[in-house]
Amino acid sequence: MNDLTLIRKNLFRKKLRAILLTLSILIAFLIFGVLGAFYSVWTSGGAVAADNRLITVNRINFTVSMPYAYWARVSALDGVDNVSQANWFGGYYQDPTQQVQTFAVDPETYLTAYPELTMPAEQRQAFLETRDCLLVGTDLAAMYGWSVGDTIPLLSNIWQKTDGSASWEFNICAIFDAEDDKVPANYALFHYDYYNEALAFNTDQVGWLIINTTDASLNEQVSRAVDEMFANSPAETETTTEAAFNEAFANQFGNIALILLFVVGSAFTTILIIVGFTMVTAINERTGEIAVMKTLGFPAPRIFRMVLAESVMLSLVGGLLGLGLAHLLINAVAGFLAAFLPGFALSAMVFWGGVGLAVLLGLLTGIVPAINAQRVKIITALSKQ
């Protein structure tokens, strides 16, 4: 009988205890997998940001607008390849609970700024030429069942028209997607001119500028030039890389990383204590058997390795089952969450991180029982039987 067979038989000698321990570890890694996938999506803004793309906002806060004239002035700076602008519109479809991420943009420069947004050539041309066109992301279109040619109203809690209405009519003339699943396609774009001319207030203002530099090495130089240009003005600016802007935006909702670390850490600390004490108890129950194994010629290092391997195997079985269940669960809900969490999936990094954590958990919970088993004295152990 080889060591692997002995390890397997010892592991499941008390089936109920083994099942409960496996279930405990499974739950911990299920939580790890799901929260890890969520964290990957939440922090993916930096991963999809272009190296040469900068964002300029009002220094007070990114929700405070800036004069429209800033756009042209920034375009004239050395090192700037393209400048676009965007305004948060928000809005909802039919019911206030059906919120839609919508932005008023300059179509041509915006699509130049974000070449990763893809669509058929005829739809792209339609968006550029159609004043009341709404360019919709594929995930958003799927969520509401929209298609090219539909006419829809979007209502706003903020922006009113000069006629007193808060309802804005749009014609869906294009639907965009992206080759990279991490690039969000859960929002909509429309013409800034269509929006600005109908506004009852806050006209000729922009929310933020998107700047493409000619080379990423010029980012710092361009950022400094932009902010110095508008220093001491009524609307001072702050220019950062797109990755930094996305990170700052995510942090507006709190330190998600710390929250997830606390949740996952609490779960694993609890499991570590439970499995550790259980393994110690299991080894104490087998003191006599270990003494017999030593009598038959099993050296102490071999017994140490077997007990440690038993703990690692238990952790790996529970961990892999938990990660597998997390994968199935994430795939089941990813379609429903595409409009809110694009690219929601169990990444390879999270999966292999979980496997590594399972091995570490097994080593931590098995090291003390393995040392105790290695130190068992034959005469003392047999005298207690």
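Residues numbered from 1 in each chain as written. Predicted model: local features only at pLDDT ≥ 70, side-chain atom pairs only at ≥ 80, totals over all residues. Heavy atoms only, no water.

Enquirer: What is the right way to read the overall build of the chain from this model?
Expert: Along its length, the chain carries 15 helices and 12 strands. Put simply, 80% of the contacts in the chain that link residues at least 6 apart link residues at least 24 apart. Only carbon and sulfur atoms are counted for the fraction: they give 61% of the accessible area of the chain, which is about 19100 Å². (Helix = DSSP H or I, 4+ residues; strand = E, 2+ residues; numbered from the N terminus. Contact = heavy atoms within 4.5 Å. Areas by Shrake-Rupley, 256 points an atom, 1.4 Å probe, with all protein chains shown as cover.)

Enquirer: Hey, could you run me through the pairing of strand β7 (residues 151-155) in this one?
Expert: Along a regular strand, successive side chains alternate from one face of the sheet to the other. Across the two faces of β7 the burial differs, with Ile152 and Leu154 buried and Thr151, Pro153 and Leu155 not buried at all. Two strands pair when backbone bridges link them, and β7 and strand β8 (residues 167-178) are joined in this way by five bridges, in the antiparallel orientation. Bridge pairing in β8 links Leu154 to Trp168. (Buried < 20%, exposed > 50% of the residue type's maximum accessible area, 1.4 Å probe, protein only. Pairing = 2+ DSSP bridges.)

Enquirer: How should I be thinking about helix α14 (residues 348-374) in this particular structure?
Expert: Note that an α-helix has 3.6 residues per turn; residues three or four places apart therefore point the same way. The terminal C-alpha atoms of α14, which comprises 27 residues, lie 37 Å apart, in line with the 39 Å expected from a rise of 1.5 Å per residue. At Gly366, α14 shows its largest bend, some 40°, and a proline, Pro369, comes one to four positions later. When we look at burial in α14, the residues that qualify are Val350, Gly354, Val355, Ala358, Leu361, Gly362, Thr365, Gly366, Pro369, Ala370 and Ala373. (Expected span 1.5 Å × (residues − 1). Bend = angle between axes of the 7 residues up to and from the residue.)

Enquirer: Hey, could you run me through the state of the cysteines in this one?
Expert: Covalent bonding between the sulfur atoms of two cysteines defines a disulfide. What the rule picks out here adds up to one disulfide. Here Cys133 pairs with Cys173 through a disulfide, and the sulfurs are 1.8 Å apart. Residues Cys133 and Cys173 are joined by a disulfide whose S-S torsion is about -85°; by sign, that bridge is left-handed. Taken together, the residues Cys133 in strand β6 (residues 133-137) and Cys173 in strand β8 connect sequence positions 40 residues apart. (Disulfide = S-S within 2.5 Å.)

Enquirer: Honestly, the environment of Ile330 in this entry has me stumped. Any pointers?
Expert: Mapped onto the elements, Ile330 comes out in helix α13 (residues 300-337). Ile330 sits in the buried class, given a relative accessible area of 1%. Separated by 293 residues in the primary sequence, Ile330 and Ala37 have C-alpha atoms spaced 8.1 Å apart. With sequence-adjacent residues up to four places away left out, Ile330 is seen in contact with Gly33, Val34, Ala37, Phe344, Ala345 and Leu346.

Enquirer: Teacher, can you tell me more about the pattern of salt bridges here?
Expert: Proximity of charged atoms lets side chains of opposite charge pair with each other. Applying the stated rule across the entire model yields five salt bridges. Across the pair Glu242 and Arg53 runs a salt bridge, and its minimum N-O distance is 2.7 Å. Pair noted here: Glu242 is in helix α10 (residues 242-251) and Arg53 is in strand β1 (residues 53-58), with a separation of 189 residues, a long-range link. Residue Glu242 shares its accessibility class with Arg53, and that shared class is buried. Close ionic contact of Arg131 with Glu197 constitutes a salt bridge, the shortest N to O distance being 2.6 Å. (Salt bridge = Lys/Arg side-chain N within 4 Å of Asp/Glu carboxyl O.)

Enquirer: Is there a simple way to explain the environment of Val312 in this structure?
Expert: Among the structural elements, Val312 can be located in helix α13. Among the residues examined, Val312 registers a relative accessible area of 16% and is labelled buried. Spatially, the C-alpha atoms of Val312 and Gly366 are 7.2 Å apart, while their sequence positions differ by 54 residues. Other than its neighbours up to four places away in sequence, Val312 contacts Val359, Gly362 and Leu363.

Enquirer: Please clarify how the nonpolar core should be interpreted in this entry.
Expert: For soluble globular proteins, the rule of thumb is that nonpolar side chains tend to be buried together. Counting residues in each nonpolar core, the largest one holds 25 residues, and the members touching the most others are Tyr110, Phe127, Leu135, Leu189 and Ile210. Residue assignment for this core shows that the elements contributing at least two residues are β1, β4 (102-105), α5 (107-113), β6, β8 and β11 (208-213). Ranked by the residues each element gives to this core, the list is headed by β8, at four residues. Setting aside anything within four residues of it in sequence, one finds Tyr110 in contact with Ser84, Gln85, Ala86, Val105, Leu117, Tyr187, Leu189 and Ile210. Counting residues in each nonpolar core, the second largest holds 23 residues, with Ala141, Ile152, Ala188 and Phe190 among its members. (Core = buried A, V, L, I, M, F, W, Y, C linked by side-chain atoms within 4.5 Å.)

Enquirer: Sorry, what's going on with a negative patch on the surface here?
Expert: Negative charge collects at one region of the surface, where Asp177, Glu179, Asp180 and Asp181 lie side by side. Examined against the element boundaries, Asp177 turns out to sit in strand β8. Take Asp177: its relative accessible area is 37%, and that puts it in the partly exposed class. (Patch = residues over 30% accessible without salt bridge, like charges linked within 9 Å, V, L, I, M, F, W, Y side chains within 5 Å. Lys, Arg positive; Asp, Glu negative; His and termini not counted. Charge placed at Lys NZ, Arg CZ, Asp CG, Glu CD.)

Enquirer: Would you explain the packing of aromatic side chains in this entry?
Expert: Two numbers describe a pair of aromatic rings. These are the distance of the centres and the angle of the planes. By the definition in use, this model includes 24 aromatic pairs. Centroid distance Trp88 to Phe103: 5.3 Å. Interplanar angle 65°. Geometry classified as edge-to-face. One end of the pair, Trp88, is in strand β3 (residues 80-88); the other, Phe103, is in strand β4, and 15 residues separate them in sequence. Given the relative accessible area of 39%, Trp88 is considered partly exposed. Judged by its relative accessible area of 13%, Phe103 is buried. A ring pair is formed by Phe351 and Trp352, whose centres lie 5.1 Å apart and whose planes are at 80°; its orientation type is edge-to-face. Taken together, the ring pairs connect Tyr68, Trp71, Phe89, Trp159, Trp168, Phe170, Phe190, Tyr192, Tyr194, Tyr195 and Phe201 into an aromatic cluster. Across from the ring centre of Trp168, 5.4 Å away, lies the NZ or CZ of Lys161, which sits over that ring. (Phe/Tyr/Trp six-rings, centres within 6.5 Å; stacked < 30°, edge-to-face > 60°. Lys NZ or Arg CZ within 6 Å of the ring centre and 35° of its normal.)

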